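# Survey of secondary and tertiary structure
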Amino acid sequence: MSEAVPRPEAENPDDGEVLHYPRDGGNDGPIVVANEFVDVVVRKVQTRNGVRLEIFSPKHNTCVRFDAVALDCLSYQEPEFITSLLARSPAP
Amino acid sequence: MATDSAGTRTEAGLEGIRDGIAQGRFPAHVFNDREIFDTEQRRVFSKAWCFLAHESEIPNRGDYVTRYIADNNLIVARAESGEIHASLNMCRHRGNMMCKSEMGNASHFRCSYHGWVYKNSGELVGVPYMKEGYGGRIDKRDWGLVKVRTDTYAGLVFGTLDPDAPTLEEYLGGFQFYLDLYLKQGSSGSEVHGPPDHWVTETDWKIAAENFSGDGYHTPVAHQFGFNLGYFASSGSTHSQGWAASIPGKGHGIGLGHTPGFPPFAGFPEELAEEMRSSLSPEQVEVFSQTRTAVGTVFPNLSFLMQPFSIVPGEAGVRFVTMRLYHPIGPGRTEMYSWCLVPKDASDEYKQEAYRAYTLAFAQAGTFEQDDLENWARVTRSAGSTMARNIEFPYVMGMDSTPDPDFPGPGHVVTPYVNDSNFRNLWSRWSEYMTGRV
């Protein structure tokens, strides 16, 4: 497996784009999940035909949008799977 | 004597201290002395089983707290597998502190300097620019966080830096019988009620450890307001009653104060007392049901106290438990950690009441705590003075006591409660470590 992982550019905000989220997330978010190492902002994003969950990293200015199938797939991954992702890309 | 002609502590000086304890004497200077402190770091805290955390502080996967053994900052974390690991809080790359927060939740720790990433169990998993920078010259398996040996008893997580230390069970040596009063309140055991109160104080850890290994003698004096105002269910005329129990050769000791006519398990909610009658052994029930105050120390620096304390003076007392760790940070300086332990199964109302009683008496600004620290800080200051270098204290109370043959608990158990027996055992064990016998 390659050590270098390309940024998911199709999902990234444009350079200079500032993402604004309402302070009161309501049912759609955003939810801030943070610990002393990093913080991310999670919200639901409506598309014309469905919904995705967006995970935005203010630190890296990256984001991904997962649909239900992708999230379902994540739900049965072992913690080692995340470890392997961090092994490939531990820091920007 | 503890000093040679040059005023320097020597091995012979430490041997002299050890001999003095057997004769009921202990020198003042040990309570505020740079060389004693440095020797303790190497010979006591680097060898003994030291308390790290209560399991209920890290109940979920990824939970961690940072604690110390000697001057080593450790991460105590519950891994994704559910196991508890203790690791030196120091990146193996250039030594940066991994976790700056004292508590948190993380599946992985990422160094803020060069970005090395470790699993919360301590294994190195991520190295930035691994291929470009290291070209295969680093094997991640060789560079995990430095592990510390751990073991648990009834929710207490201990660690030791000594790979050759005996098992924790052997180290506790039967003191578990008494610890159960604090740790097995009710059939589901005890849990911490929030994070610890945590502060730095100008006292030596040994003064606190000794006091909590069963100093019933100071209570009617230092805490006299507690008697006089009706916060505390004892009186000067009966306060000497009870037992001093210690585990010979291990250093652990507990004072068990008894008040005549005190109802069995007074201060506990009735349903909790019923649970304890069935979940504890008959011998433990016999001892604990008639115990008003239980104040004990696990060698070297972990202590507990349980007693009923009236939130409103004159009203019935509420049982609370404080668990405290006296972490030495310098000669005569201690980082205090104080938790409130509550029965896991108890009602929220009782937990809140117990926490209020604890806060009133023994949290950082607690009344009993203030009484003690006021005295301990002055003892510490005196102990560091030049004239104190050759002064000794008497530890002769109860030297002629014979063990109570009818007492159902283990160890060396004597009456009355007011006794130096536990302290001689504590300092005897300390001197075994200090002279390199352990």
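The shown structure was predicted, so the numbers you read here are calculated from the model rather than taken from an experiment. (Residues numbered from 1 in each chain as written. Chains lettered and ligands numbered in written order. Predicted model: local features only at pLDDT ≥ 70, side-chain atom pairs only at ≥ 80, totals over all residues. Heavy atoms only, no water.)

For the rest of this paragraph, the subject is the packing of aromatic side chains. Describing an aromatic ring pair means giving the distance of the ring centres and the angle of the ring planes. Residue and element names in this part refer to chain B. Tallying each qualifying case throughout the model produces 33 aromatic pairs over all chains. Arranged with centres 5.5 Å apart and planes meeting at 90 degrees, the rings of Phe51 and Trp339 form a pair that is edge-to-face. Here Phe51 is found in strand β2 (residues 50–54), whereas its partner Trp339 is found in strand β19 (residues 333–343), with 288 residues between them in sequence. For the ring pair Phe227 and Phe232, a centre distance of 5.2 Å and an interplane angle of 75 degrees mean the geometry is edge-to-face. Accessibility expressed as a relative area gives 14% for Phe227, which makes it buried. (Phe/Tyr/Trp six-rings, centres within 6.5 Å; stacked < 30°, edge-to-face > 60°. Helix = DSSP H or I, 4+ residues; strand = E, 2+ residues; numbered from the N terminus. Buried < 20%, exposed > 50% of the residue type's maximum accessible area, 1.4 Å probe, protein only.)

It is worth spelling out helix α2 (residues 79–88) of chain A at this point. Residues Thr83, Leu86 and Ala87 of chain A constitute the buried set of α2 of chain A. Looking straight down α2 of chain A, one finds its buried side chains confined to an arc of 105 degrees; they lie on one side. Packing partners of the buried residues in α2 of chain A comprise β7 (108–110), β8 (117–119) and β9 (124–126) of chain B. (Arc of directions from axis to C-beta. Contact = heavy atoms within 4.5 Å.)

Glancing now at the packing of helix α2 (residues 34–43) of chain B against helix α13 (residues 421–434) of chain B. All names here are of chain B. As a packed pair, α2 and α13 sit with axes 9 Å apart at the nearest point and diverge in direction by 80 degrees. As far as their axial angle goes, α13 and α2 are roughly perpendicular. Listed contacts from α13 to Ile36, Thr39, Glu40 and Arg43 of α2 are Trp430, Tyr433 and Met434. (Axes fitted to C-alpha atoms, helices over the stretch in contact; angles between N-to-C directions. Parallel < 35°, antiparallel > 145°, perpendicular 65-115°, else oblique.)

Below, the discussion takes up the interface of chain A and chain B. The partner chain B presents 22 residues to the 14 residues of chain A that form the contact. Inspection of the chain A/chain B interface yields one salt bridge. Notably, a salt bridge pairs Glu80 of chain A with Lys119 of chain B, separated by 2.4 Å at the nearest N-O pair. Counting the contacts that link chain A with chain B gives seven residue pairs in polar contact (both at pLDDT 80 or more). A class-by-class count of the residues in the side of chain A that touches chain B yields nine nonpolar, two polar and three charged. (Salt bridge = Lys/Arg side-chain N within 4 Å of Asp/Glu carboxyl O. Polar contact = N/O pair within 3.5 Å; in protein donor to acceptor, adjacent residues only side chain to side chain. Nonpolar A, V, L, I, M, F, W, Y, C, P; charged D, E, K, R; others polar.)

All names here are of chain B. With respect to the helices and strands, His252 occurs in the loop between β14 (242–246) and β15 (253–257). Since its relative accessible area comes to 0%, His252 is described here as buried. Excluding its chain neighbours within four sequence positions, the residues that come into contact with His252 are Tyr171, Leu172, Phe175, Ala245, Ser246, Ile247, Thr297, Val298, Phe299 and Asn425.

The subject of this paragraph is the nonpolar core. If you look at the biggest cluster of nonpolar residues, it comprises 108 residues, and the most contacted ones within it are Phe304 and Trp430 of chain B. The residue makeup of this core includes at least three contributed by each of domain 1 (50–160) and domain 2 (174–435) of chain B. Trp430 of chain B has contacts with Ile17, Phe26, Val30, Ile36, Glu40, Val44, Trp205, Lys206 and Phe299 of chain B, leaving out every residue within four places of it along the chain. Phe37 of chain A together with Ala77, Cys111 and Leu124 of chain B belong to the second-largest nonpolar core, a separate cluster that totals 17 residues. (Core = buried A, V, L, I, M, F, W, Y, C linked by side-chain atoms within 4.5 Å. Domains from an automatic or database assignment.)

Turning our eyes to something else, we now look at the sheet that holds β9 of chain B. Residue and element names in this part refer to chain B. As summarised here, the arrangement of the three strands in space is β7-β8-β9, forming an open sheet in which the pairing is antiparallel. Sheet topology places β7 and β9 at the edges, where each strand pairs with a single neighbour. Here the average twist between neighbouring strands, direction ignored, is 35 degrees. (Pairing = 2+ DSSP bridges.)

Bringing the pairing of strand β3 (residues 50–57) of chain A into the picture now. Residue and element names in this part refer to chain A. The pairing of strand β2 (residues 39–47) with β3 spans seven bridges and is classified as antiparallel. Directly across from Gln46, in β3, lies its bridge partner Val51. Counting the residues that bridge the hairpin from β2 to β3 gives two residues. As consecutive antiparallel partners, β3 and strand β4 (residues 62–66) are separated by four residues, and within that stretch Asn61 has a phi angle of approximately 55 degrees, a positive value.

Residues and elements named next belong to chain B. The domain architecture assigned to chain B consists of domain 1 (50–160) and domain 2 (174–435). Between domain 1 and domain 2, the C-alpha centre-to-centre distance is 33 Å. Taken residue by residue, the interface counts 13 residues in domain 1 and 21 residues in domain 2. Summing both partners gives a buried area of about 1400 Å² for domain 1 against domain 2, and 71% of it is carried by carbon and sulfur. Taken together, the links from domain 1 to domain 2 amount to zero salt bridges. Remark: the boundary between domain 1 and domain 2 carries four residue pairs in polar contact (both at pLDDT 80 or more). Those elements that place two or more of their residues in the side of domain 1 that touches domain 2 are β2, β3 (63–69) and β11 (156–160). Across the side of domain 1 that touches domain 2, the residue classes break down as eight nonpolar, two polar and three charged. (Buried area = accessible area lost by both parts, 1.4 Å probe.)

Residues and elements named next belong to chain B. Spatially, β2-β11-β10-β5-β4-β3-β6 is the arrangement adopted by the seven strands of the open sheet, whose pairing is antiparallel. At either end of the open sheet lies a strand with only one pairing partner, and these are β2 and β6 (103–105). Neighbour to neighbour, the strand axes of the sheet diverge by 30 degrees on average, direction disregarded. Note: strand β5 (residues 84–88) against strand β10 (residues 147–153), two bridges, orientation antiparallel. Counterpart to Ser87 in the pairing with β10 is Lys147.

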